[in-house]
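For reference, the chains in residue letters:
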Protein chains: 2
Amino acid sequence: MTGPRYTPLAQSLPATVPFVGPETQERQRGAPFAARLGANESVFGPSPQAIEAMAQAASEIWMYGDPENHDLRSALADHHGVMPENIVVGEGIDGLLGYLVRLIIGPGDAVVTSDGAYPTFNYHVAGFGGDLHKVPYTGDQEDPGALFAKATEVGARLVYLANPDNPMGSWHSGAEIVTALDAMPEDCLLVLDEAYVECAPDGTAAPVEIDDPRVIRMRTFSKVYGLAGARVGYALGAPDLIAAFNKVRNHFGMNRAAQAGALAALQDQAWLSHIQARITEARDRIAAIARENGLDPLPSATNFVTIDCGRDGDFAKVVLDSLVAQGIFVRMPFAAPQNRCIRVSCGEAADLDAFAAALPKALAEAQERVG
Amino acid sequence: MTGPRYTPLAQSLPATVPFVGPETQERQRGAPFAARLGANESVFGPSPQAIEAMAQAASEIWMYGDPENHDLRSALADHHGVMPENIVVGEGIDGLLGYLVRLIIGPGDAVVTSDGAYPTFNYHVAGFGGDLHKVPYTGDQEDPGALFAKATEVGARLVYLANPDNPMGSWHSGAEIVTALDAMPEDCLLVLDEAYVECAPDGTAAPVEIDDPRVIRMRTFSKVYGLAGARVGYALGAPDLIAAFNKVRNHFGMNRAAQAGALAALQDQAWLSHIQARITEARDRIAAIARENGLDPLPSATNFVTIDCGRDGDFAKVVLDSLVAQGIFVRMPFAAPQNRCIRVSCGEAADLDAFAAALPKALAEAQERVG
């Protein structure tokens, strides 16, 4: 018995995982983390109204969710001042990125991103056989000019740009990005990942005309809205592009309670303001802890702070490993020279106390091991 | 501005939807359905322990779910007497079918199914460019011999067989299917969709050796377990095949509360027995209603009863439309001659009372309109 024949593409793919989850690490170390600050989740949680809506929905979970996501799309359309036809809801930005890449990228098609930007986007591009071209960060920022120049050079069909950026926390004004768009090739699409935009300074969200066919904007309930485990993301774009998702998406893929939770979360904008304040406070605290240890916190428009450990990637990796060994779940950038940093998500006071307590030992270990 | 370039495959795909959801129909008719009996959901609901687990999980929904689905896979492995490496958990069988087709089917690759079987499987095959070959039902049953003969003829890489069958409710013994497998081409994979197997007679689940590379079995929490809205399915198969899903799946795609709910549902096998009895009772009632109206209920190993309306597809379509207009959500088979039937999911007494009240008028309308 020979077993199934995979496609040549599937045969060529490694069985890699974009991220190792904290639960896997907890099983490996045999103990839970004391502070979960590695996945840019919102430890502050979602609106109590969202929790209530999901708890209520648990009793009607025998029904499939509405495959049109009608109520959530309508509310999002009102919220953004656009039409429901401009919005597709999906299983997190990760799910939507997968569908988008599938629609546009086939074997050998060129895609441009920044070296060290979101690995799950790269996972999808590889998964559909795309040819990924990476440009370096410029001063810890993704560089729209460099991305679009590379797109022109390689004839890219898709360019990925996160604003604000993960993992560096840096950002551009939205107006800058719209201006830079003029240099993008005409039949190329910009995937503008605005996962963190709800905690960024005013003016960070790109003022894209909603029917502009050059851009699709990705948003999520996983970050500032505090619903990472619910898996609800959405994309804003021109109606033709949004409609194309219906050709490939898992129409009945949305969890019914998650639909209800996201709707309730959207309707509680007061909670969002409350969380924005908590994020600002936590960012300041993380920055202060970094400085107390002689490290340089980078400016952040996100719900995390990236801390420059002042040396190279080997040094930062020892710091990271020590923090993890001490029960502090954090992550770090993948690519040099950004991998001189560690990335710490906003947390409750107790989480950050635990981080503050662990960091000096981590730095001492790194000094000793890397010298 | 020309907008994005889609892949040739994406350009060729229609923006069709495998199923129109009941919510869409409710919005179109301007009123909710009185009875929701069209999607083979379990109106009896999931285990109260599953509801409780999901309500509890709502307060920790700020965390992503475990991308390895470790706890659920371990429990499922114990339940089935296999290893966790034999199980992949995904966003319903629909999601898993999409990943599976993607791994095995590229443009022009041959796939075999029955004419009138699960449309979402066909949607995925079309979505990856596969060449779908359909064989007719034999006496309202999917026909393993005919499926494997066609697979040999066309060099198929994938064969789909649902046992029990949807939409007809018919079934084979699992042993028959395993025997029939010997006629399947060696490098072909059988997708055995056992979504309804928990309410089928003993011996329906196919006694496939877990490491047999010729078969992957699909199971779900959406039907008898009553968690359709949670989106939790799983596949049982050889470790190599199961591991291949890690190349393409949305690793962080599972809802955290759904993981907890499915685990609790699995652990409450007493509830499952209770539901099996409710399903038997409801099937008997639906059959009795059919007979009272001079119609022929087909034998069912599922949580629905398919009713032969005794004429052709046009007649059954009028019956269906009238039922829907009267507030009874039901569906019908797509392909002739099975489309002489309507399909009615098990319901509470009140649901079936509403169906019983509406059916005579629907039949009278059909008599009058079709003659």
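Since the model is a prediction, treat every value here as computed from it, not as a measurement.

**Comments concerning the overall build of chain A**
Broken down by element type, chain A carries 13 helices and twelve strands. Here the C-alpha radius of gyration of chain A, 21 Å, is about what a compact globule of 371 residues would show, namely 21 Å. Residues counted as buried form 57% of the 371 residues belonging to chain A. The long-range share in chain A, meaning contacts at least 24 apart out of those at least 6 apart in sequence, stands at 72%.

**Re the pairing of strand E3 (residues 110-114) of chain B**
Residues and elements named next belong to chain B. When you tally the buried positions in E3, you get five out of five residues, the bulk of the element. Of the two faces of E3, the one lined by Ala-110, Val-112 and Ser-114 and the one lined by Val-111 and Thr-113 are each fully buried. Note that E3 and strand E4 (residues 131-135) share five bridges and pair parallel. Within E4, the residue paired with Val-112 across the bridge is His-133. Note that the unit made of E3, helix H6 (residues 119-127) and E4 has a crossover that is right-handed. Here E3 pairs with strand E5 (residues 158-162) via two bridges, running parallel. Across the sheet, the residue bridging to Val-112 is Val-159, located in E5.

**Quick word on the sheet that holds strand E7 (residues 215-220) of chain B**
Residue and element names in this part refer to chain B. The strand order E2-E8-E7-E6-E5-E3-E4 describes an open sheet built from seven strands, whose pairing is mixed. Strand pairing shows two members of the sheet lacking a second neighbour, strand E2 (87-90) and E4, which therefore form its edges. Neighbour to neighbour, the strand axes of the sheet diverge by 20° on average, direction disregarded. In this structure, E5 lies alongside strand E6 (residues 189-193), joined through five bridges in parallel fashion. Looking at E6, one finds that Ala-162 is bridged to Asp-193.

**Side note on the domain arrangement of chain A**
Residue and element names in this part refer to chain A. Along its sequence, chain A is carved into domain 1 (20-45 + 270-370) and domain 2 (48-267). Taken together, the contact pairs 23 residues of domain 1 with 22 residues of domain 2. Those elements giving two or more residues to the side of domain 1 that touches domain 2 turn out to be helix H11 (269-292) and strand E10 (304-308). Residue contributions to the side of domain 1 that touches domain 2 peak at four residues, all from H11. Per-class residue counts for the side of domain 1 that touches domain 2 are twelve nonpolar, nine polar and two charged.

**Structural notes on the packing of helix H12 (residues 313-325) of chain B against helix H13 (residues 349-370) of chain B**
Residue and element names in this part refer to chain B. Look at H12 against H13: their axes get within 8 Å of each other, and the N-to-C directions meet at 135°. The orientation of H12 relative to H13 falls into the category oblique. Crossing geometry of H12 relative to H13 is assigned as right-handed. Residue-level contacts link Asp-314, Phe-315, Val-318, Val-319, Ser-322 and Leu-323 of H12 to Ala-358, Lys-361, Ala-362, Leu-363, Glu-365, Ala-366, Arg-369 and Val-370 of H13. Looking at the contact of H12 with H13 residue by residue, the class counts come to nine nonpolar, one polar and four charged.

**Overview of helix H3 (residues 48-57) of chain A**
Within the sequence span of H3 of chain A, burial applies to Ala-50, Ile-51, Ala-53, Met-54, Ala-55 and Ala-57 of chain A. Here the buried face of H3 of chain A lies against helix H10 (256-267) of chain A together with helix H3 (48-57) and helix H10 (256-267) of chain B.

**Concerning the relation of the copies chain B and chain A**
Superposition record for chain B on chain A: RMSD 0.0 Å, screw rotation 180°, translation along axis 0.0 Å. Such a combination of rotation and displacement between the chain copies is what one expects of a two-fold axis. Across chain B, the rotation axis passes nearest the C-alpha of Ala-55 of chain B, at a separation of 2.2 Å. Here 100% of the interface residues in chain B have copies in chain A that are interface residues too; the copies meet face to matching face.

**What about the packing of helix H11 (residues 269-292) of chain B against H13 of chain B?**
All names here are of chain B. Here H11 crosses H13 at 10°, and the two axes come no closer than 10 Å. With respect to each other, H11 and H13 are oriented roughly parallel. The segment H11 lies against H13, with Ala-282, Arg-285, Ile-286 and Ile-289 engaging Leu-352, Phe-355, Ala-356 and Leu-359. Among the residues forming the contact of H11 with H13, the class breakdown is seven nonpolar, no polar and one charged.

**Some points on the interface of chain B and chain A**
Taken together, the contact pairs 75 residues of chain B with 75 residues of chain A. Of all the elements in the fold, those that place two or more residues in the side of chain B that touches chain A are helix H2 (22-29), H3, helix H5 (92-104), helix H9 (239-244) and H10 of chain B. Per-element tally for the side of chain B that touches chain A: the top contributor is H5 of chain B, with six residues.

**What about the nonpolar core?**
One finds Met-54, Val-159 and Ile-328 of chain A together with Met-54, Val-159 and Ile-328 of chain B to be the most contacted residues of the largest nonpolar core, which totals 253 residues. Non-local contacts of Met-54 of chain B, meaning those with residues more than four positions away in its chain, are made with Ala-58, Ile-61 and Ala-257 of chain A together with Ala-257, Ala-260 and Gly-261 of chain B.

**What about the sheet that holds strand E9 (residues 296-297) of chain A?**
Residue and element names in this part refer to chain A. What the three strands build is an open sheet, ordered E9-E10-E12; its pairing is antiparallel. Two strands in the sheet have a free side with no partner beyond their single neighbour: E9 and strand E12 (341-345). Pairing analysis gives two bridges linking E9 to E10, with the strands arranged antiparallel. Within E10, the position partnered with Asp-296 by the bridge is Asp-308.

**Description of unusual backbone geometry**
Pro-167 of chain A follows Asn-166 of chain A through a cis peptide bond whose omega is 20°. You can see Pro-167 of chain A is positioned in the loop between strand E5 (158-162) and helix H8 (174-180). The amide bond that connects Ala-336 of chain B to the next residue, Pro-337 of chain B, takes the cis arrangement and shows omega of 0°. For Pro-337 of chain B, the position within the fold is in the loop between strand E11 (328-329) and strand E12 (341-345). The phi dihedral of Asn-40 of chain A is positive, around 55°, even though this residue is not glycine. A residue is classified by how many C-beta atoms lie within 10 Å of it, and Asn-40 of chain A, with 22 of them, is buried.

**A look at the pairing of strand E6 (residues 189-193) of chain A**
All names here are of chain A. For E6, the tally of buried residues reaches five of five residues, placing the bulk of the element in the interior. Burial along E6 is two-sided: Leu-189, Val-191 and Asp-193 facing one way and Leu-190 and Leu-192 facing the other are all buried. Following the backbone out of E5, through H8 and into the adjacent parallel E6, one traces a crossover that is right-handed. Of the strand pairs in this sheet, E6 and strand E7 (residues 215-220) are connected by four bridges, and their pairing is parallel.

Definitions and cut-offs
- Residues numbered from 1 in each chain as written.
- Chains lettered and ligands numbered in written order.
- Predicted model: local features only at pLDDT ≥ 70, side-chain atom pairs only at ≥ 80, totals over all residues.
- Helix = DSSP H or I, 4+ residues; strand = E, 2+ residues; numbered from the N terminus.
- Rg over C-alpha atoms; globule rule 2.2 N^0.38 Å.
- Buried ≥ 20, exposed ≤ 12 C-beta atoms within 10 Å, placed from the backbone.
- Contact = placed C-beta atoms within 7 Å.
- Pairing = 2+ DSSP bridges.
- Right-handed = clockwise from strand over helix to strand, strands pointing away.
- Axes fitted to C-alpha atoms, helices over the stretch in contact; angles between N-to-C directions.
- Domains from an automatic or database assignment.
- Nonpolar A, V, L, I, M, F, W, Y, C, P; charged D, E, K, R; others polar.
- Parallel < 35°, antiparallel > 145°, perpendicular 65-115°, else oblique.
- Left-handed = near helix turned anticlockwise from the far one by under 90°.
- Least-squares fit on C-alpha atoms with pLDDT ≥ 70 in both.
- Core = buried A, V, L, I, M, F, W, Y, C linked by C-beta atoms within 7 Å.

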